[in-house]
2 protein chains.
Amino acid sequence: MQRKSSISLSPSSRYAVLGGGSWATAIVKILSYSIESLGWYVRSEDTLKHIEQFGHNPKYLSSINIDTKKVWLTNDINQIIEKSDVLIVAIPSAFLTDTLKEITTSIKDKFIVSAVKGIIPDNNLTIAEYFNQHYEIPFDNIGIVTGPCHAEEVALERLSYLTLACKSRENAQMLADKFECHFIKTTTTTDIYGVEYAAVLKNIYAIASGICHGLGYGDNFQAVLVSNAQRELKRFLDGTYPSKRNVDTSAYLGDLLVTCYSNFSRNRTFGNMIGKGYTVKATMAEMNMVAEGYYATSCIYSINDKYHISMPIADAVYSILYQHANPRPTIKRLVDQLK
Amino acid sequence: MQRKSSISLSPSSRYAVLGGGSWATAIVKILSYSIESLGWYVRSEDTLKHIEQFGHNPKYLSSINIDTKKVWLTNDINQIIEKSDVLIVAIPSAFLTDTLKEITTSIKDKFIVSAVKGIIPDNNLTIAEYFNQHYEIPFDNIGIVTGPCHAEEVALERLSYLTLACKSRENAQMLADKFECHFIKTTTTTDIYGVEYAAVLKNIYAIASGICHGLGYGDNFQAVLVSNAQRELKRFLDGTYPSKRNVDTSAYLGDLLVTCYSNFSRNRTFGNMIGKGYTVKATMAEMNMVAEGYYATSCIYSINDKYHISMPIADAVYSILYQHANPRPTIKRLVDQLK
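Residues numbered from 1 in each chain as written. Chains lettered and ligands numbered in written order. Predicted model: local features only at pLDDT ≥ 70, side-chain atom pairs only at ≥ 80, totals over all residues. Heavy atoms only, no water.

**Student:** How should I be thinking about unusual backbone geometry in this particular structure?
**Tutor:** Most of the time, phi is negative for any residue but glycine, and the peptide bond is trans. Residue and element names in this part refer to chain A. With an omega of 20°, the peptide bond running from Gly 147 to Pro 148 counts as cis. Its place among the elements puts Pro 148 in the loop between strand 8 (142-146) and helix 6 (151-155). The phi torsion at Asp 122 lies on the positive side, around 80°, for a residue other than glycine. Positionally, Asp 122 belongs in the loop between strand 6 (119-120) and strand 7 (125-126). (Helix = DSSP H or I, 4+ residues; strand = E, 2+ residues; numbered from the N terminus.)

Listed below in structure tokens is the structure:
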């Protein structure tokens, strides 16, 4: 039955982006090169009006020019659903369920593409799993778009590579064609599970990188930390969902690297403040953006309760963020487990 | 016969470091925590006298304090050979053969540890291969010490991890025990071929990183470049010397990361100047240190002539450094081959 309801994307499928943050804004910019009529759901009426009037998002990546001849906006989620076949979800995971509550129409026949890179707090589901369980979307009709791609560099039109994952290679390629533009190159994979979890895990490791940087560890140690994180990530993916995947490709290792090493990484910045002695509460108050890795840390910890995969780095971050462990001695214990 | 001449290192083996540069100086600092009488061969008499009189190397890492009660110095290479069982070679590959020419005594019964991270220019041999072919040292009596470990961070006593590679696990562990100190952790491996070539290759990729940075490519692209480099490195190692190795460990991936991402990396700095438009000649004149990757680029290119392994990144660096290719269009062609 699930097979029967599989959607084959076509060049004429109607696309919409859901979300008003920086990644959503960046995706709108990317897609408006290849899509003549792109829907954009922005919750805040003020933001929506500003974009319609001035052609840029007042809050995020405001340097990006939005071509309002190609992009139509709404703050009515049911309208955007009705008028679209492919919904690209770029709402931070912490706000996602609240936004989706406003849906009164069925989305069963839609193709969902997650650009969220997070886990829904409280129920420990990835975005794909959440849409599957709560909205009866078959996994065949779910895609993932993943980096390495900081939105800030999209604004600057710096060459970036995106990976599009769908269970069907054809659908992944159809999405890839839409995302390809003069500064975006794309690849495809069928490992929707792997790339989605990799995108979640890398945020935890970026927090770890930041904590260690904040504590004064240097470049030599960061390289050891990240190569250990890469192996930890592989252990988790292979342990929870075995598959033939090469984790040294851009969607896994590349995404891990950009998140752990780039100054644009908010998860690394979050960790850095923790390492420098700020409390979790103070760090959250100080930062204007959500650090997805904060929620991911707790979710992965819960999920791993079942699997008992060796994850010393993720465990250390969990104990610092959620169990009031002192960062310095916690990392000191961690370094003995790395090699 | 080779088996017969295998050396088993013992706690009482006598150690000496050969070389007066920053990595040699860092290794002397590290080893002087565990070795009570450490020989140090420094070619320049001025440098030697300065170290003996003031306790630090005047030219490299001059902040490092040398404990001259434990470290004895000489500029007579035959004397250091005579008085030592284990020779730790930390002389840049471009100067190595000239230095070794001064040897008049046999070194057949010595254990050689290479800390060079380079290939001997002109004859395309790694340090291990060179000692094996030119000095009849069996591979059993050769060790490799490898990072990720920039010497500058050793001077700062920042936590770093070294990998000691020997064909015998026992010898590797014996060396590891000597290198371990309050800011150095060690691991061992028997893959002397793999770690030595990885240390060579990573310098080429660091030059590529630098070139791309110099040309204005951003963090998103760097992450893609480095994850492609990691796969290229694996292809080369597995293609030239198949072995069960996990290239996501510190000696391979970690070393690649620190070299591509750290500001301490002279190979990255070298590439950055090339990317910014300096000629190879001008870059070399400007830099006070040898960029090992310059020689490695030509050597790996020659070696690969036999194997035809797909190495688009190393090939691009070769054509820029040795064939006067313009960096901008060369990298532009490269990016189409990455994913």
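**Student:** I'm lost on the interface of chain A and chain B in this one. Help?
**Tutor:** In this assembly, 40 residues from chain A lie in contact with 40 residues from chain B. For the chain A and chain B pair, buried surface summed over both sides reaches about 3100 Å², with 61% attributable to carbon and sulfur atoms. Among the residues chain A hides against chain B, the three largest losses belong to A:Tyr161, A:Asn220 and A:Asp248. Together they make up 21% of the total. Joining chain A to chain B, the criterion identifies two salt bridges. Applying the counting rule to chain A against chain B returns 20 residue pairs in polar contact (both at pLDDT 80 or more). Breaking the side of chain A that touches chain B down by element, the ones donating at least two residues are strand 9 (160-166), strand 10 (184-189), helix 9 (219-240) and helix 10 (250-261) of chain A. A per-element tally of the side of chain A that touches chain B places helix 9 of chain A first, with ten residues. Class assignment for the residues of the side of chain A that touches chain B results in 17 nonpolar, 15 polar and eight charged. (Contact = heavy atoms within 4.5 Å. Buried area = accessible area lost by both parts, 1.4 Å probe. Salt bridge = Lys/Arg side-chain N within 4 Å of Asp/Glu carboxyl O. Polar contact = N/O pair within 3.5 Å; in protein donor to acceptor, adjacent residues only side chain to side chain. Nonpolar A, V, L, I, M, F, W, Y, C, P; charged D, E, K, R; others polar.)

**Student:** Sorry, what's going on with the side chain of A:Asn304 here?
**Tutor:** All names here are of chain A. On the secondary structure map, Asn 304 appears in helix 13 (residues 292-307). On the basis of relative accessible area, Asn 304 is assigned to the buried category, the value being 8%. Sequence-distant contacts of Asn 304, defined by excluding residues within four places in its chain, comprise Ile 309 and Met 311. (Buried < 20%, exposed > 50% of the residue type's maximum accessible area, 1.4 Å probe, protein only.)

**Student:** Would you take a moment to explain the packing of helix 14 (residues 312-322) of chain B against helix 15 (residues 327-335) of chain B for this structure?
**Tutor:** Helix packing geometry: the angle between the two helix axes and the distance between the axes. Residues and elements named next belong to chain B. The geometry of helix 14 relative to helix 15 is characterised by a closest axis approach of 10 Å and an angle of 165° between their N-to-C directions. As judged from the angle between their axes, helix 14 and helix 15 are roughly antiparallel. Here helix 14 runs over helix 15; the crossing is right-handed. Residues Pro 312, Ile 313, Ala 316, Ser 319 and Ile 320 of helix 14 lie in contact with helix 15, whose contacting residues are Pro 327, Thr 330, Ile 331 and Leu 334. The residue inventory of the contact of helix 14 with helix 15, partitioned by class, reads seven nonpolar, two polar and no charged. (Axes fitted to C-alpha atoms, helices over the stretch in contact; angles between N-to-C directions. Parallel < 35°, antiparallel > 145°, perpendicular 65-115°, else oblique. Left-handed = near helix turned anticlockwise from the far one by under 90°.)

**Student:** I tried to follow the packing of aromatic side chains on my own but got confused; where do I start?
**Tutor:** Two measures describe an aromatic ring pair: the distance that separates the ring centres and the angle between the ring planes. For the structure on display, the rule yields 29 aromatic pairs over all chains. For the ring pair B:Tyr193 and B:Tyr241, a centre distance of 4.3 Å and an interplane angle of 15° mean the geometry is stacked. One end of the pair, B:Tyr193, is in helix 8 (residues 192-214); the other, B:Tyr241, is in the loop between helix 9 (219-240) and helix 10 (250-261), and 48 residues separate them in sequence. By relative accessible area, B:Tyr241 is classed as partly exposed at 41%. With a centroid separation of 5.4 Å and 80° between ring planes, the pair formed by B:Tyr294 and B:Tyr295 is classed as edge-to-face. The exposure class assigned to B:Tyr295 is partly exposed, which follows from its relative accessible area of 22%. Three or more aromatic residues joined by ring pairs form one cluster here, namely A:Phe270, A:Tyr294, A:Tyr295, A:Tyr301, A:Tyr318 and A:Tyr322. Taking NZ or CZ as reference, A:Lys117 lies 4.6 Å from the ring centre of A:Trp23, over its face. We note B:Lys83 situated over the ring of B:Trp72; from NZ or CZ to the ring centre the distance is 5.3 Å. (Phe/Tyr/Trp six-rings, centres within 6.5 Å; stacked < 30°, edge-to-face > 60°. Lys NZ or Arg CZ within 6 Å of the ring centre and 35° of its normal.)

**Student:** Would you mind showing me how to read the UniProt feature "domain: Glycerol-3-phosphate dehydrogenase NAD-dependent N-terminal" (unreviewed entry) in chain A here?
**Tutor:** Mapped onto this numbering, the UniProt entry annotates "domain: Glycerol-3-phosphate dehydrogenase NAD-dependent N-terminal" (unreviewed entry) at residues 16-171 of chain A. Regarding residues 16-171 of chain A, the helix share stands at 33% and the strand share at 22%, and the terminal C-alpha atoms are separated by 16 Å. (UniProt positions renumbered as here; feature names shortened; annotations may be inferred.)

**Student:** Would you mind going over the environment of A:Asp248 with me for this structure?
**Tutor:** Tracing the backbone shows A:Asp248 in the loop between helix 9 and helix 10. Under the relative-accessibility criterion, A:Asp248 is labelled buried at 3%. As for A:Asp248 and A:Gln230, which are separated by 18 residues in sequence, their C-alpha atoms are 8.5 Å apart. In contact with A:Asp248, other than residues within four places in its own chain, are A:Gln230, A:Leu253, B:Ser227, B:Gln230, B:Arg231, B:Val247 and B:Asp248.

**Student:** Explain the packing of helix 13 of chain A against helix 14 (residues 312-322) of chain A here, please?
**Tutor:** All names here are of chain A. Orientation of helix 13 relative to helix 14, taken along the N-to-C sense of each, is 115°, at an axis distance of 9 Å. You can see that helix 13 and helix 14 cross each other, and the crossing is left-handed. Contact residues: Tyr 294, Tyr 295, Thr 297, Ser 298 and Tyr 301 in helix 13; Ala 314, Asp 315, Val 317, Tyr 318, Leu 321 and Tyr 322 in helix 14. Here the contact of helix 13 with helix 14 is built from residues that sort into eight nonpolar, two polar and one charged.

**Student:** Can you walk me through the relation of the copies chain A and chain B in this structure?
**Tutor:** Note: a rotation about an axis with an accompanying shift along it relates these two copies of the chain. Taken as rigid bodies, chain A and chain B are interconverted by a rotation of 180° and an axial shift of 0.0 Å, the fit giving an RMSD of 0.0 Å. Interpreted geometrically, this transformation is the action of a two-fold axis. Of all interface residues in chain A, 100% are interface residues in chain B too; the two copies therefore contact each other through one and the same surface. (Least-squares fit on C-alpha atoms with pLDDT ≥ 70 in both.)

**Student:** Can you walk me through the sheet that holds strand 9 (residues 160-166) of chain B in this structure?
**Tutor:** Within a sheet, adjacent strands bond to each other through the backbone by hydrogen bonds, running parallel or antiparallel. All names here are of chain B. Across the sheet, eight strands lie side by side as 3-2-1-4-5-8-9-10; this open sheet has mixed pairing. What marks the edges here is a single partner per strand, and that holds for strand 3 (71-74) and strand 10 (184-189). Averaged over all adjacent pairs, the angle separating strand axes in this sheet is 25°, with direction ignored. Set on the sheet, helix 5 (residues 127-135) makes contact with strand 4 (86-89), strand 5 (111-114) and strand 8 (142-146); between it and strand 8 the angle comes to about 160°. (Pairing = 2+ DSSP bridges.)

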